[in-house]
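Coordinate inspection notes
Residues per chain, in single letters:
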Amino acid sequence: MTQPVVREVEHEITVAAPAREVYRLIAEVENWPRIFPPTIHVDQASQGAGQERIRVWATANGAPKNWTSQRALHPDTLRIDFRQEVSTPPVAAMGGAWIIEPLSAGQSRVRLLHDYRAIDDDPGGLAWIDQAVDGNSRSELAALRANLEFVVGSEKLTWSFEDTVHIHGSPKDVYDFINEADLWSERLPHVARVNLQEPEPGLQELEMDTRSPNGSVHTTKSYRVCFPYDRIVYKQTTLPVLMSLHTGRWSFLPTVSGVAATSQHTVVLRPENVTSVLGPDAGIAEGREHVQHALSTNSRTTLGYAKTYAESRV
């Protein structure tokens, strides 16, 4: 019997950050959509002593994929082993490790190891995986370094906020309104155009043109992961010029009288673009206020129309 072709590759990068801080950032998966560009969302499915099971949604070669992995955490040796439990074609099996090595009190080497094989050892599939692993590894390591080395200066640039609307209707109807984004150009006055693709159930690619209060139109693209009828999480990959990151969550909490629908945002401001958009006297505070006002206005408008829709169906 022919042995399967297993590819083993390694990528590394040096970062100006303490090794234990690097380990913590990688170990806490809720950080991943913020620090790793390909990652859309991560759910922690289960957790035990030094072991956990996670489900990851991320882009690979520009296409959304998802998989389930087992991780073994070794905080004493600053190592995290991972193995995909359920892979997505053309991947037959995938695993590896994060290894963090202290170089000095404030500098570390991060090594990212992968081993993988393609379904039926298909050469085309293996080449596709080679490209995806190399691209994502380089992107993840560069983003990790940038995030760690920028963490002090970016504290004022990163923030989260949310808006909640109480609706006398069913969580399902409110969820359906947000889920059916392909109808938003008909239902929402601030949405000029929508293109919604769903390559697999619950995983959406959403591109839309949104009108600002001043009449300008900007295009955004997001990947959304939908959990009926609880929440929809997303990450924008095509962003307005004032943001370098935007992730969000629509959540639908049943209440005694109906549902509390919440829109949550996490944003990183791009300070270098503030003056060109808001004028020479604008700073970080004005940029934050502008971005939050724009996102909250759109969220509250969307939730208002969802409220009308759901309450009309009671």
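By convention here, each chain's residues receive numbers from 1 onward along its written sequence. pLDDT decides what is reported in this predicted model: residues at 70 or higher carry local features, side-chain atom pairs at 80 or more are listed and counted, and totals for whole chains, interfaces and linings draw on all residues regardless. Note that the side-chain values use all heavy atoms of the structure and ignore hydrogens as well as water.

Time to look at the sheet that holds strand 4 (residues 63-74). Ordered in space as 1-7-6-5-4-3-2, the seven strands form an open sheet in which the pairing is antiparallel. The sheet is open, and its two borders are formed by strand 1 (7-15) and strand 2 (39-47), each paired with just one other strand. Pairwise comparison of adjacent strand axes, ignoring direction, gives a mean angle of 20° for this sheet. Two strands form a pair only when DSSP identifies at least two bridges running between them. Counting from the N terminus, the helices are the DSSP runs of H or I reaching at least four residues and the strands are the DSSP runs of E reaching at least two. Pairing of strand 3 (residues 51-60) with strand 4, which is carried by ten bridges, proceeds in the antiparallel orientation. When the sheet's bridge partners are listed, Val 56 is paired in strand 4 with Trp 67. We call two residues in contact whenever any of their non-hydrogen atoms come within 4.5 Å of each other. Fitted lines through C-alpha atoms give the axes, limited to the stretch in contact for helices. The angle between two N-to-C directions lies from 0 to 180 degrees. In this fold helix 1 (residues 19-27) packs onto strand 1, strand 3, strand 4, strand 5 (79-86), strand 6 (91-104) and strand 7 (107-118), with an angle of close to 155° to the strand it touches most, strand 6.

The residue His 11 is located in strand 1 in this model. Each polar contact in these results corresponds to two N or O atoms within 3.5 Å; when the atoms are within protein, one needs to be able to donate a hydrogen and the other to accept it, and residues that are neighboring in sequence are counted only if both atoms are side-chain atoms. Looking at His 11, its side chain comes within polar contact range of the side chain of Asp 134, at 2.8 Å. The residues touching His 11, leaving out its near neighbours within four places in the chain, are Val 110, Arg 111, Leu 112, Val 133, Asp 134, Ser 137, Arg 138 and Leu 141.

There is a patch of nonpolar side chains on the surface, built from Val 241, Val 277 and Leu 278 and spanning about 220 Å² of accessible area. Mapped onto the elements of the fold, Val 241 is located in the loop between strand 12 (231-238) and strand 13 (243-254). When accessible area is computed with a 1.4 Å probe and restricted to protein chains, residues below 20% of their type maximum are described as buried, those above 50% as exposed, and intermediate ones as partly exposed. What makes Val 241 partly exposed here is its relative accessible area of 48%. Within this analysis, patches are made of residues with over 30% relative accessible area and no salt bridge. Like charges are joined at 9 Å or less; nonpolar side chains (Val, Leu, Ile, Met, Phe, Trp, Tyr) at 5 Å or less. Here the accessible surface of atoms and residues is derived via Shrake-Rupley with a 1.4 Å probe, and residues count as covered only by protein chains that are part of the display. Think of a salt bridge as a Lys or Arg side-chain nitrogen and an Asp or Glu carboxyl oxygen that are within 4 Å of each other.

Under the criterion given, the structure shown has 23 salt bridges. With its nearest N and O atoms 2.7 Å apart, the salt bridge here joins Arg 83 to Asp 115. Residue Arg 83 is found in strand 5, and its partner Asp 115 is found in strand 7; the two are separated by 32 residues along the sequence. Its salt-bridge partner being Arg 313, residue Asp 173 comes within 3.4 Å of it at the nearest N-O pair. With Asp 173 in helix 4 (residues 171-179) and Arg 313 in the segment after helix 7 (284-312), this residue pair connects regions lying 140 residues apart in the sequence.

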